[in-house]
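Structural overview
Each chain, letter by letter, is given below.
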2 protein chains.
Amino acid sequence: MDKIFINHPEIEKYIFSLLEDDDPVLKEMEELAEKLNFPIVGRIVGKLLYLITKIKKPKLVVEIGSGFGYSGYWFAKALQGSGKLVLSDYKGENIQLAKEFLQKANLDKNVIFEVGDGVEIAKRYKDIDILFLDHEKSRYKEAADALKENLSKEALVIADNVLWYGKVLKPEQSKKVKAIDEFNRYMIKHFDTTIIPVRDGLLLAQKR
Amino acid sequence: MDKIFINHPEIEKYIFSLLEDDDPVLKEMEELAEKLNFPIVGRIVGKLLYLITKIKKPKLVVEIGSGFGYSGYWFAKALQGSGKLVLSDYKGENIQLAKEFLQKANLDKNVIFEVGDGVEIAKRYKDIDILFLDHEKSRYKEAADALKENLSKEALVIADNVLWYGKVLKPEQSKKVKAIDEFNRYMIKHFDTTIIPVRDGLLLAQKR
């Protein structure tokens, strides 16, 4: 099955144009992503993560799969140091870049930068209020399952790419897509869950 | 300009199939909407309103343009009587239906049903934590502006249909579309705002 658009590209352009932002660090990160063809959540999802965080007011946010810190930027911007934020990536060079970007944006207060297996790193934290999953898609379910006890009451689990270019419509076509579809069904069963059809699909779930 | 899909219809079908719900009242409301061709936010937006409300934990939610209570159902389900919910519609028969549906679903505790001009009704309430706009699209900006002082600190304003089938891409084509585009820009300027490209566009904003 071919890739399909979750959102109409012209609609994305309209919303993007409204979400103007004059922070040069944000622009630099977006330009780097474009140059390296590095997958980031983008500004529309970023602003949504920011708003959800502002509404939730978490004390602890843990990211698994931070890349060079783009989603972390939005969490940090919402927190403004009022809660702890853990970024993790298995690549040291990504985390080094994330650190530099967040420092430059003056958003590194109360941010912890970790290199290694994100699920193992997250296990060391208790009372996670927001767990953000953006690592290997085939490991989402493992992460949600392994970290259940590390989540606070009514914690949020947010996961990116849960529609995988629309490929979840035919989950049998690959192991990866099947794993994402299974993760979605697992979350619907065990958490208060919805999937927001924005960009590549954002799962939003609250612990019951 | 023709209508365009904000979301790919197959994607909507996938998410809808995951959001199974065995409440017969919910199904009855959805069937009535289909039969009457009555515009409701639908289950994907409904579940998102539910989750946002669960995260926000509002003491007071006010709806302008409740129709027969479909979005109200999701707010009431999230609140479970722990906060007050005001439904309003200019048509008495809609509000009568809303009352019957919410009673049948056992979700009418702490729900107030009002008939009349929603903006005028909302003005009588102070410290609104979530204001939901779903009335005449040309009056969204007026409502947001008139009710600013009635919103609590960090209140949310949520508005439906802010992409109007994609017509906002060419706002000059009609007064109504121009009004929606102006509302979006007004909100971006005065609130912490994003537009979620789900169904017909859901604006989510927090008072600064």
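Preceding this paragraph is the structure being described.
The number of helices and strands found in chain A is eight helices and seven strands. Whereas a compact globule of 208 residues would reach a radius of gyration of roughly 17 Å, chain A reaches 16 Å, a difference of no more than 12%. Referenced to the eigenvectors of the C-alpha coordinate spread, the extents of chain A come out at roughly 45 × 40 × 30 Å. Looking at chain A residue by residue over its 208 residues, the buried ones come to 62%. For chain A, the share of sequence-separated contacts (at least 6 apart) that also reach a separation of at least 24 residues comes to 70%. With the model as given, the accessible surface of chain A reaches about 9000 Å², and the carbon-plus-sulfur share is 48%.

This part is about helix α3 (residues 42-56) of chain A. For α3 of chain A, with 15 residues, the first-to-last C-alpha span of 21 Å sits near the 21 Å given by 1.5 Å per residue. Counting buried positions over the 15 residues of α3 of chain A gives 14, a clear majority of the element.

Further remarks concern the pairing of strand β7 (residues 202-207) of chain B. All names here are of chain B. With five of its six residues buried, β7 lies for the most part within the structure. Summarising the sheet, strand β5 (residues 151-160) and β7 pair through five bridges and their orientation is antiparallel. Opposite Leu156, over in β7, you have Gln206 as the bridge partner. Taken together, the six bridges between strand β6 (residues 191-196) and β7 define a ladder with antiparallel strand orientation. Bridging across to β7, Phe191 finds its partner in Lys207. What sits between β6 and β7 in their antiparallel hairpin is a turn of five residues, with Arg199 showing a positive phi close to 50°.

Attention shifts here to the packing of aromatic side chains. Enumeration according to the criterion identifies 14 aromatic pairs over all chains in this entry. Relative to Phe132 of chain A, the ring of Phe75 of chain A lies with its centre 5.5 Å away and its plane at 65°, an arrangement referred to as edge-to-face. Of this pair, Phe75 of chain A sits in helix α4 (residues 70-79) while Phe132 of chain A sits in strand β4 (residues 128-133), placing them 57 residues apart in sequence. In this structure Phe75 of chain A comes out as buried when scored by relative accessible area, which is 0%. Seen in terms of ring centroids, Tyr73 of chain B and Trp74 of chain B are 5.5 Å apart; in terms of plane orientation they differ by 80°. Their pairing is edge-to-face. Just as Tyr73 of chain B is buried, Trp74 of chain B falls in that class too. Joined through ring pairs, the aromatic side chains of Phe38, Phe68 and Phe101 of chain A make up one cluster.

Turning to the sheet that holds strand β3 (residues 111-115) of chain A, a few remarks are in order. The strand order β3-β2-β1-β4-β5-β7-β6 (chain A) describes an open sheet built from seven strands, whose pairing is mixed. Of all strands in the sheet, those with a lone pairing partner are β3 and β6 (191-196) of chain A, marking the two edges. Ignoring which end each strand starts from, the neighbouring axes of this sheet average 15° apart. Strands in contact with α4 of chain A are β1 (60-64), β2 (84-89) and β4 of chain A; relative to β2 of chain A, the strand with the most contacts, it is inclined by about 175°. Packing against the sheet, helix α3 (residues 42-56) of chain B makes contact with β5 (151-160), β6 and β7 (202-207) of chain A, and its axis sits at approximately 125° to β6 of chain A.

Counting residues at the interface gives 39 residues for chain A, matched by 39 residues for chain B. In this assembly, chain A packs against chain B so that about 3700 Å² is buried in total across both faces, 68% of it on carbon and sulfur atoms. When residues of chain A are sorted by the area they lose upon contact with chain B, Tyr14, Leu18 and Ile55 of chain A head the list and together hold 19% of the total. The interface formed by chain A and chain B contains four salt bridges. Lys57 of chain B is paired through a salt bridge with Glu154 of chain A; the nearest N and O atoms lie 2.3 Å apart. Summed over the shared surface of chain A and chain B, the result is 16 residue pairs in polar contact (both at pLDDT 80 or more). Looking at the side of chain A that touches chain B, the elements with two or more residues in it are α1 (9-18), α3, β5, α8 (175-190), β6 and β7 of chain A. No other element matches α3 of chain A, which puts eight residues into the side of chain A that touches chain B.

Residue and element names in this part refer to chain A. Inspection of the entire model under this criterion finds 34 salt bridges over all chains. The salt bridge partner of Arg208 is Asp192, with a shortest N-O separation of 3.8 Å. Residue Arg208 is found in the segment after β7, and its partner Asp192 is found in strand β6; the two are separated by 16 residues along the sequence. With relative accessibility at 8%, the residue Asp192 sits in the buried group. Taken together, the shared-partner salt bridges in this structure form one network comprising Asp117, Glu136, Arg139 and Glu142.

This part takes up unusual backbone geometry. The backbone of Arg199 of chain A shows a phi angle near 50°, a positive value even though the residue is not glycine. Summarising the element assignment, Arg199 of chain A is placed in the loop between β6 and β7.

The relation between the two copies of this chain is a rotation about an axis and a shift parallel to it. Rotating chain A by 180° and moving it 0.0 Å along the rotation axis overlays it on chain B with an RMSD of 0.0 Å. This pairing of chains is accounted for by a two-fold axis. It is Asn7 of chain A whose C-alpha, among those of chain A, lies nearest the rotation axis, at 2.3 Å. A shared binding surface is used by both copies, with 100% of the interface residues of chain A retained as interface residues in chain B.

With that out of the way, let us pick up empty space enclosed by the protein. Once rolled over the atoms, a probe with the size of a water molecule shows which space is left empty. Applying the stated criterion across every chain, the model contains one cavity of 30 Å³ or more. The computed volume of the largest cavity comes to approximately 60 Å³. Forming the walls of the largest cavity are Leu48, Ile52, Ile55, Ile196 and Leu204 of chain A together with Leu48, Ile52, Ile55, Ile196 and Leu204 of chain B. If you list the elements that add at least two residues to the lining of the largest cavity, you get α3 of chain A together with α3 of chain B. Residues of the lining of the largest cavity, tallied by class, amount to ten nonpolar, no polar and no charged.

About the criteria used
Counting of residues starts from 1 at the beginning of each chain's written sequence and follows it residue by residue. Both sets of labels track the order of writing: A upward for chains, 1 upward for ligands. Side-chain atom pairs in this predicted model are given and counted only at pLDDT of 80 or more, local residue features only at pLDDT of at least 70, and totals for whole chains, interfaces and linings cover all residues. Only hydrogens and water are set aside; all other atoms, that is, all heavy atoms of the structure, feed into the side-chain values. Helix and strand labels come from DSSP, where a helix needs a run of H or I of at least four residues and a strand needs a run of E of at least two; each type is numbered from the N terminus. In this treatment the radius of gyration is a C-alpha quantity, and the globule benchmark scales as 2.2 Å times the residue count to the 0.38 power. Residue exposure (1.4 Å probe, protein chains only): buried if accessible area is under 20% of the type maximum, exposed if over 50%, otherwise partly exposed. Pairs of residues are marked as contacts when any of their non-hydrogen atoms sit within 4.5 Å. To be clear on the numbers: accessible area is Shrake-Rupley with a 1.4 Å probe, and residue cover counts the displayed protein chains and nothing else. Multiply 1.5 Å by the residue count of a helix minus one, and that product is the helix's expected span. Strand pairing is defined by DSSP finding a minimum of two bridges between the two strands. Pairing of aromatic rings covers Phe, Tyr and Trp, the last through its six-membered ring, and needs centres within 6.5 Å; plane angles under 30 degrees mean stacked, over 60 mean edge-to-face, and all others mean tilted. To define axes, lines are fitted to C-alpha atoms, for helices over the stretch in contact only, and angles between the resulting N-to-C directions are given on a 0 to 180 degree scale. Buried area counts how much accessible surface, traced with a 1.4 Å probe, disappears from two parts once they are put together, with both parts' losses summed. The salt bridge criterion pairs a side-chain nitrogen of Lys or Arg with a carboxyl oxygen of Asp or Glu, the two atoms within 4 Å. We call two N or O atoms a polar contact when they sit within 3.5 Å, provided that within protein one can donate a hydrogen and the other can accept it, with sequence-adjacent residues counted only if both atoms are side-chain atoms. The atoms used to superpose the copies are C-alpha atoms, taken from residues with pLDDT of at least 70 in both, and the fit is least squares. A cavity, in this analysis, means grid points on a 1 Å lattice covering only the protein atoms where a 1.4 Å probe fits yet has no way out; a pocket is instead an open set bounded by protein on both sides within 12 Å along at least five of seven lines, and a residue lines either one if it has an atom within 4 Å of a point. Grid points are joined across faces, edges and corners, and a volume is the space filled by probe spheres set on the points. All residues other than Ala, Val, Leu, Ile, Met, Phe, Trp, Tyr, Cys, Pro, Asp, Glu, Lys and Arg, Gly among them, are scored as polar; the first ten of these are nonpolar and the last four charged.

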